Amino acid sequence: MKKGILRVLGVVVTLALLIAALPASIASAAIVDSAEVVNSRIGSPYYGEARGVVGDTVNISGKGESKAYLSVYFSDQKALVNDNIGVEVTRYKEWQEFIHIQPVDSFIANLVIPTALLDGDEVLTQLHGGIYYFYLVKYNHDDNGPGTPTTKILYVIEFEVVGIADVNIDKTTGPVGTVVNLQGEGFAKSEYIDINYFHNPANSIPINNLISGSDHVGSDGKFKLSFAIPESTNGKHNIVVQGASSLASETLEFTVTPSVMLNKSSGRGGDNVIVYAKGFLRSSNMDIFIGNIKLDDDDSVTISDKTDITGSLTYIITIPASLASGTYDILVKDETTNSINATTSFEITSNSILALSTSTGNVGSAVTVTGTNF
C-alpha cells in the first residue's frame, strides 16, 4: 500500500515539475495570446497593412482565453502591457465589450478608424498623422446584467494613420547653399520635428541645428522653418521630416545643381584666385578653364583637382598674364561628364604703366608723362 502511495506521489511530483518547466503561454494561457490589426477596406492602397486613413475599416483578429470579452481602445498615447486606461492612456476612442473570444479560442472583429479621440475632460482631439495604438482590455461580462469594465492593458498593437501629416517645400532644385522653406501641418500638437538631409540613401545630416525658425509644432499641428542646403553631390537628395513623438513622416526631394564661386570677381594678370566648386560628382576629376585656356593641373602633387566625397572642390588658379583686359567666363566641369558644369565671370584689369620722357634735368625743364592701361 505504501509503495502504491509513493508511486502516485512520484507521478504527481513529476507532473508538477513538467508543468513548471513549460513556457508560461502553454502552462497557463493568457487572456490574449496574440492579435493583429490590418486594413480591410477593399480598394485601399494600404489593404492588408497595419496602416490606413481616417474612415478605413480595419480587421482585428487573434487568439486568447475562450469565451472572454474584450474592449478595444485606440489612442496616440504610447503605453505598455499592464499599464492602465485612464492613467497612462487618457485620450482615446473606446469600443466597450467589443470582442467575444469564441470557444475555439480565436476572435475576429471589424471597426472604423475614427476622426477624433476623446480625453478625460470630454474634449475631442482630431487625429494627426503618425503612429497610433490599439489596446485590448478585458471586460467582465455578465449575461444577467451590466458587466464590469477593467483598465489593465492586455495587448498592444501599433497602427499608422496616414494621409493627414503634410509638408511643403518652396524650392525643389538649386545649388548648395540654397535656402529652402518648409511648412508642415497635421502633426501632433506641440511635438518636435526631426529633419534629416540624406547625402545618399544610407547617410544623412541632422538639420535641426542649421534651421532658421522653430522645429517645434504649434498647438494647431503646424510648423514653419527654413535652412540652407548643405554641401552634397550632384543630383537628387531626400529630406525626411518626422514628428518626434507621433512619428508622422514625410519625405521631400531636392535636386542639387553644380555651382562655382571665386574669392574675388576681378584682378590682374598673374593674380592667384581661389575657385570654390560645389554640387559636382563625388571624388571626380575636374577641368577649369578661363576662356579656352585650361587652368588646373592634372598632374599636380600639391593641389588636387578632384572633388571630395560631398562633390566639392577648392582650387587655386593663376590668371594668365597674357590675357587682355576684359570680362571672361571661368568654367568648371566634370572631366568625363561635360553636362555637369558651372560658370562664373572674372574681370581682368591690366596693370597701369606711367613713363617719363627724362629722369634727370634742371628745375623748370619740360618733362612728358605718358601712361597706358588706365
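In this convention, every chain numbers its residues from 1, walking through the sequence in written order. Totals for whole chains, interfaces and linings use all residues, but because this is a predicted model, local features are given only for residues with pLDDT of at least 70 and pairs of side-chain atoms are given and counted only at 80 or more. Only hydrogens and water are set aside when side-chain values are computed; all heavy atoms of the structure are taken into account.

**Structural notes on the environment of Phe-98**
Okay, so step 1: By the criteria applied, helices consist of DSSP H or I runs no shorter than four residues and strands consist of E runs no shorter than two, each listed in order from the N terminus. The topology assignment puts Phe-98 in strand S5 (residues 91-100).
Okay, so step 2: Put simply, Phe-98 and Leu-111 are 13 residues apart on the chain and 9.4 Å apart in space, counted from C-alpha to C-alpha.
Okay, so step 3: Each residue touching Phe-98, except ones within four places of it in the same chain, is listed here: Leu-70, Ser-71, Val-72, Ala-109, Asn-110 and Leu-111. Should any heavy atoms of two residues lie within 4.5 Å, those residues are considered in contact.

**Some details on the packing of aromatic side chains**
Okay, so step 1: Any two of the Phe, Tyr and Trp rings considered here, Trp counted by its six-membered ring, make a pair once their centres fall within 6.5 Å; the pair's planes then place it as stacked at under 30 degrees, edge-to-face at over 60, or tilted in between. If you walk through the whole model with that rule in mind, you get seven aromatic pairs.
Okay, so step 2: Consider the rings of Phe-74 and Phe-134, whose centres lie 4.7 Å apart with planes at 40 degrees: the pair is tilted. Note that Phe-74 is positioned in strand S4 (residues 69-75) and Phe-134 in strand S9 (residues 130-140), a separation of 60 residues in sequence. The two residues Phe-74 and Phe-134 agree in class, both being buried.
Okay, so step 3: Look at Trp-95 and Phe-98: their rings are 6.3 Å apart centre to centre, the planes differ by 50 degrees, and that puts the pair in the tilted class.
Okay, so step 4: Looking at Trp-95, the relative accessible area reads 13%, which means it is buried.
Okay, so step 5: For Phe-98, a relative accessible area of 27% corresponds to the partly exposed category. Any residue under 20% of the maximum accessible area for its type is buried, any over 50% is exposed, and the rest in between are partly exposed; the area is computed with a 1.4 Å probe on protein chains only.

**What to know about the side chain of Asp-215**
Okay, so step 1: Here Asp-215 shows up in the loop between strand S16 (212-213) and strand S17 (223-228).
Okay, so step 2: Buried charged residue Asp-215 carries no salt bridge. Nearest counter-charge: Lys-224, at 15 Å.
Okay, so step 3: The contact partners of Asp-215, leaving out residues within four places of it in the chain, are Glu-191, Tyr-192, Ile-193, Asn-208 and Leu-225. We treat Lys and Arg as the positive residues and Asp and Glu as the negative residues; His and chain ends play no part in the count. Criterion for a salt bridge: a side-chain nitrogen of Lys or Arg within 4 Å of a carboxyl oxygen of Asp or Glu.

**Structural notes on the nonpolar core**
Okay, so step 1: Judged by nonpolar contacts, the single largest core of 25 residues is most densely connected at Ile-60, Leu-70, Val-72, Phe-74, Ile-99, Phe-107 and Phe-134.
Okay, so step 2: When contributions to this core are tallied by element, the ones reaching two or more residues are strand S1 (32-39), strand S3 (57-64), S4, S5, strand S6 (106-112), S9 and strand S10 (148-161).
Okay, so step 3: The element that contributes the greatest number of residues to this core is S10, accounting for four residues.
Okay, so step 4: If near-sequence neighbours (up to four positions away) are discounted, Ile-99 is found in contact with Ile-60, Ala-68, Tyr-69, Leu-70, Val-72, Phe-107 and Ala-109.
Okay, so step 5: Ala-165, Val-176, Val-217 and Phe-227 belong to the second-largest nonpolar core, a separate cluster that totals 23 residues. What we call a nonpolar core is a set of buried Ala, Val, Leu, Ile, Met, Phe, Trp, Tyr and Cys residues that are connected through their side-chain atoms within 4.5 Å.

**Quick word on the confidence of the model for the protein chain**
Okay, so step 1: In the predicted model, the protein chain carries a mean pLDDT of 88, and the fraction of residues at 70 or more is 86%.
Okay, so step 2: pLDDT is defined as a per-residue confidence score from the predictor, taking values between 0 and 100. When the criterion is pLDDT under 50, residues 1-29 qualifies, and its contacts beyond four places in sequence or with other chains add up to three contacts.

**Details of the side chain of Asn-59**
Okay, so step 1: Structurally, the position occupied by Asn-59 is in strand S3.
Okay, so step 2: Take Asn-59: its relative accessible area is 14%, and that puts it in the buried class.
Okay, so step 3: Two N or O atoms count as a polar contact when they lie within 3.5 Å, although within protein this holds only if one can serve as hydrogen donor and the other as acceptor, and sequence-adjacent residues are included solely when both atoms are side-chain atoms. Looking at Asn-59, its side chain comes within polar contact range of the side chain of Asn-110, at 3.4 Å.
Okay, so step 4: Setting aside chain neighbours within four positions, we find Asn-59 in contact with Glu-36, Val-37, Val-38, Ser-40, Ile-108, Ala-109 and Asn-110.

**Considering the sheet that holds S4**
Okay, so step 1: Two strands are counted as paired when DSSP detects at least two bridges linking them. If you walk across this open sheet you meet the seven strands as S2-S10-S9-S4-S5-S7-S8, and the pairing is mixed. Looking at strand neighbours, the two that pair on one side only are strand S2 (51-52) and strand S8 (124-126), the edges of this open sheet.
Okay, so step 2: Pairing analysis gives three bridges linking strand S7 (residues 116-119) to S8, with the strands arranged antiparallel. Across the sheet, Leu-118 pairs through a bridge with Leu-124, a residue of S8.

**Description of the sheet that holds strand S20 (residues 259-262)**
Okay, so step 1: Strand order in the open sheet formed by three strands is S20-S22-S25, and the pairing between neighbours is antiparallel. With one partner strand each, in any of the chains shown, S20 and strand S25 (313-318) form the two edges of the open sheet. This sheet shows a mean twist of 25 degrees between the axes of neighbouring strands, independent of strand direction.
Okay, so step 2: Here strand S22 (residues 272-278) runs beside S25; their pairing, made up of six bridges, is antiparallel. In the sheet register, Tyr-276 faces S25, and the bridge partner there is Thr-314. Where helices are involved, their axes are fitted lines through C-alpha atoms of the stretch in contact, as for all axes, and angles between N-to-C directions lie from 0 to 180°.

**Concerning the pattern of salt bridges**
Okay, so step 1: Evaluation of the coordinates by the stated rule reveals 11 salt bridges.
Okay, so step 2: We note a salt bridge from Glu-231 to Lys-278, for which the minimum N-O separation is 2.8 Å. In this pair, Glu-231 is assigned in the loop between S17 and strand S18 (235-243) and Lys-278 in strand S22, connecting sequence segments 47 residues apart.
Okay, so step 3: With relative accessibility at 32%, the residue Glu-231 sits in the partly exposed group.
Okay, so step 4: Among the salt bridges present, the one from Lys-294 reaches Asp-296, with a minimum N-O distance of 2.9 Å.
Okay, so step 5: A relative accessible area of 35% places Lys-294 in the partly exposed class.

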